[in-house]
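# Structure assessment
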Amino acid sequence: LDTFFVLLKSLLREQLLKQAEKIQILMIKACSDEAEILKVIEFLNELRSRGFGLFLPVYNTLLIALGKFDMDTVSKNVYYQMVDSGVKPSLLTFNTMVNVLCKKGKVEEAYGFLGLILQADFRPDTFTYTSLILGHCRKCNLDAAFGVFNHMQEEGCLPNSVTYSTLINGLCKEGRIDEALVMLNQMVERDCQPTVYTYTVLLTTLCSLGRVKEAFDLVEDMKNRGCPPNVQTYTTLISGLCRCKKLEDACDLLKEMISNGLVPNTVTFNALINGFCSEGRVDSALDIFNRMEKHSCMPN
RNA sequence: UCUAGAAC
């Protein structure tokens, strides 16, 4: 970060504003944790106090980065600062605010920003509505989620596969797996391709209910639809097999994923270690633990 | 600037 700071100071000294903007964006995207992003904000404030206000793309990049770390309070501060500085938010700005608030379950506040979208004469889009659906699902308010789902279509805004996956996940988390499976069929009928996310959501729930047979049938479906399982999908299935004490099958699946060119991660190994430990097979668990290093996988 | 969804 210090390198970025030095570079930016020289660029601004030379009044190279367009270049400075590009560097500011790179700097924000380089932040890998909350502490770094806070340092960046502090530095950008220093620039502002010296008369170098931030442009819209910089604000949007900053809000997107804050959203990735679920920093809704800081997001709001940055948003208000942006408005105070006379920079007009775009739909992307509002959508980013709606999303961070919905992720944190602050649906009321998210609707405040929806109001601002309408006031600014923008049309909420699929991103906006999908975030609102997510917010309602996080609050276990499926009725409201479906309300948004219907409303967006009345407004001529089509749900996409992310919208469906979000709703399907909401149904699953509420224990309504069979309705979720109906929605999967519905999205296919409506020409909306399920993605690996959609399937993994459903597989997670089927596995957690011990419905492993159905889970593997669904894996066949997804493969047939040209949607190959990824690391998270395999991890879900391994965890499901472990839950049913099918530990050897779980190990076979680990081999299969590796032979498919996938790289198991810490979560994958945790699932296996947990499975063996739950059955008292600590020695096997230790073997797996020791294999993590070979896969350049850090225990957490 | 190009933002929304999943695994232990």
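You'll find the structure just up there.
What you are looking at is a predicted structure, and each value in this text was computed from that prediction instead of being measured. (Residues numbered from 1 in each chain as written. Chains lettered and ligands numbered in written order. Predicted model: local features only at pLDDT ≥ 70, side-chain atom pairs only at ≥ 80, totals over all residues. Heavy atoms only, no water.)

## Some remarks on helix α6 (residues 91-103)
When the terminal C-alpha atoms of α6 are compared, their 18 Å separation across 13 residues agrees well with the 18 Å that a helix rising 1.5 Å per residue should span. The buried fraction of α6 is high, at 10 of 13 residues. Taken as a whole, α6 has its buried residues at Leu91, Thr93, Phe94, Asn95, Thr96, Met97, Val98, Val100, Leu101 and Cys102. Of the surrounding secondary structure, the elements contacted by the buried residues of α6 are α4 (56-68), α5 (72-84), α7 (107-119) and α8 (126-138). (Helix = DSSP H or I, 4+ residues; strand = E, 2+ residues; numbered from the N terminus. Expected span 1.5 Å × (residues − 1). Buried < 20%, exposed > 50% of the residue type's maximum accessible area, 1.4 Å probe, protein only. Contact = heavy atoms within 4.5 Å.)

## Points about the nonpolar core
A general feature of soluble globular proteins is that nonpolar side chains tend to end up buried together. Membership of the largest hydrophobic core comes to 95 residues, with the highest contact counts inside it found for Ile238 and Leu272. Each residue touching Ile238, except ones within four places of it in the same chain, is listed here: Ala250, Leu253, Leu254, Met257, Thr268, Ala271 and Leu272. (Core = buried A, V, L, I, M, F, W, Y, C linked by side-chain atoms within 4.5 Å.)

## Some remarks on the layout of surface pockets
Space inside the largest pocket adds up to approximately 480 Å³. Only α4, α6, α8 and α10 (161-173) provide two or more residues apiece to the lining of the largest pocket. The biggest single contributor to the lining of the largest pocket is α6, with 6 residues. Of the residues contributing to the lining of the largest pocket, the split by class is 6 nonpolar, 9 polar and 2 charged. The wall of the second largest pocket is formed by 13 residues, among which Ser165, Thr166, Asn169, Tyr197 and Val201 lie closest to the centre. Going through the elements one at a time, α8, α10 and α12 (196-208) are the ones with two or more residues in the lining of the second largest pocket. The residue makeup of the lining of the second largest pocket, split by class, is 5 nonpolar, 6 polar and 2 charged. (1 Å grid on protein atoms, 1.4 Å probe; cavity = no way out; pocket = protein on both sides within 12 Å on 5 of 7 lines; lining within 4 Å. Points joined across faces, edges and corners; volume = space filled by probe spheres on them. Nonpolar A, V, L, I, M, F, W, Y, C, P; charged D, E, K, R; others polar.)

## Points about the protein's contact with RNA strand B
Near RNA strand B you find 38 residues, and of these Lys29, Thr61, Phe127, Asn160 and Ser165 are the closest. A breakdown of the atoms of RNA strand B within 4 Å of the protein gives sugar and phosphate a share of 39%. Between a phosphate oxygen of RNA strand B and a side-chain N or O atom of Lys29, the distance comes to 2.5 Å. In this structure, a phosphate oxygen belonging to RNA strand B sits 3.1 Å away from a side-chain N or O atom of Arg138. Broken down by secondary-structure element, the contributors of at least two residues to the surface near RNA strand B are α2 (17-30), α4, α6, α8, α10, α12, α14 (231-243) and α16 (266-278). Per-element tally for the surface near RNA strand B: the top contributor is α8, with 6 residues. Of the residues contributing to the surface near RNA strand B, the split by class is 12 nonpolar, 23 polar and 3 charged. (Near = heavy atom within 4 Å. Polar contact = N/O pair within 3.5 Å; in protein donor to acceptor, adjacent residues only side chain to side chain.)

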